[in-house]
Structures are given as structure tokens and as C-alpha cells.
Amino acid sequence: MSRLSPNRRHNTPARIFAVPVLIALTSLIGLIAALLGNGVLDVVSWVGLAVPLVIIGWAMKRRR
């Protein structure tokens, strides 16, 4: 059996799901802002809905 090195990080559920939860919250905020109003909320909605797309594009480019 091999032992884990002391410098190796332990993957906890909080570490695994932190980024997906932040992406989901950003999308949710964007959707709610789009439903609630105009003006500044339009900008918030565009940003909130564009962030996940930018992250997906970045991840796809990085994998190639």
C-alpha cells in the first residue's frame, strides 16, 4: 500500500464543489436580474449569464 505524501491536499466536498456552486450562483443571479428589471439589472444579467460561457470556453481551450 502506498501512503499519501504529507504535502498532498485532501479533496473534500467543499473543494470539489466550490467552483461549480459559484458558477451556478452567478447564473442564478443573472437569471433573476434579467427577470426583475431594466437598466443596471440588464448589465448584471448579461455579466451573470456570460461568466459561465467564458469559463466553459476557457476550459475547452485549456484542454486542447
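The structure this text deals with has already been given above.
Residues numbered from 1 in each chain as written. Predicted model: local features only at pLDDT ≥ 70, side-chain atom pairs only at ≥ 80, totals over all residues. Heavy atoms only, no water.

Draft legend 1. Representation of helix α1 (residues 13-36) within the structure. With 24 residues, α1 should cover 34 Å at 1.5 Å per step; its first-to-last C-alpha distance of 33 Å lies within 8% of that length. Along its length, α1 reaches its greatest deviation from straightness, about 30 degrees, at Val19, and the proline Pro20 lies no more than four positions downstream. (Helix = DSSP H or I, 4+ residues; strand = E, 2+ residues; numbered from the N terminus. Expected span 1.5 Å × (residues − 1). Bend = angle between axes of the 7 residues up to and from the residue.)

Draft legend 2. Representation of the environment of Leu53. As for its position among the elements, Leu53 is in helix α2 (residues 40-63). According to the relative accessible area criterion, Leu53 is exposed, its value standing at 60%. Counting along the chain gives 30 residues from Leu53 to Ile23, while the straight-line C-alpha distance between them is 9.8 Å. (Buried < 20%, exposed > 50% of the residue type's maximum accessible area, 1.4 Å probe, protein only.)

Draft legend 3. Molecular detail of α2. Compared with an ideal rise of 1.5 Å per residue, which puts 24 residues at 34 Å, α2 spans 35 Å between its outermost C-alpha atoms and is within 8% of the ideal. At Ala50, α2 shows its maximal bend, which comes to roughly 25 degrees, and the proline Pro52 appears one to four places after that position. Every buried residue of α2 is accounted for by Ser45, Gly48 and Pro52. Structurally, α2 contributes buried residues whose contacts are with α1. (Contact = heavy atoms within 4.5 Å.)

Draft legend 4. Looking closely at the packing of α1 against α2. One can describe the packing of α1 onto α2 by two numbers: an axis separation of 7 Å at closest approach and a directional angle of 150 degrees. Taken together, the axes of α1 and α2 lie roughly antiparallel to each other. Along this stretch, α1 crosses α2, giving a crossing that reads as left-handed. Residues Ile23, Thr26, Ser27, Ile29, Gly30, Leu31, Ala33, Ala34 and Leu36 of α1 lie in contact with α2, whose contacting residues are Leu41, Val44, Ser45, Gly48, Leu49, Val51, Pro52 and Ile55. Grouping the constituent residues of the contact of α1 with α2 by class yields 12 nonpolar, five polar and no charged. (Axes fitted to C-alpha atoms, helices over the stretch in contact; angles between N-to-C directions. Parallel < 35°, antiparallel > 145°, perpendicular 65-115°, else oblique. Left-handed = near helix turned anticlockwise from the far one by under 90°. Nonpolar A, V, L, I, M, F, W, Y, C, P; charged D, E, K, R; others polar.)

Read these as spatial facts, not as claims about activity.
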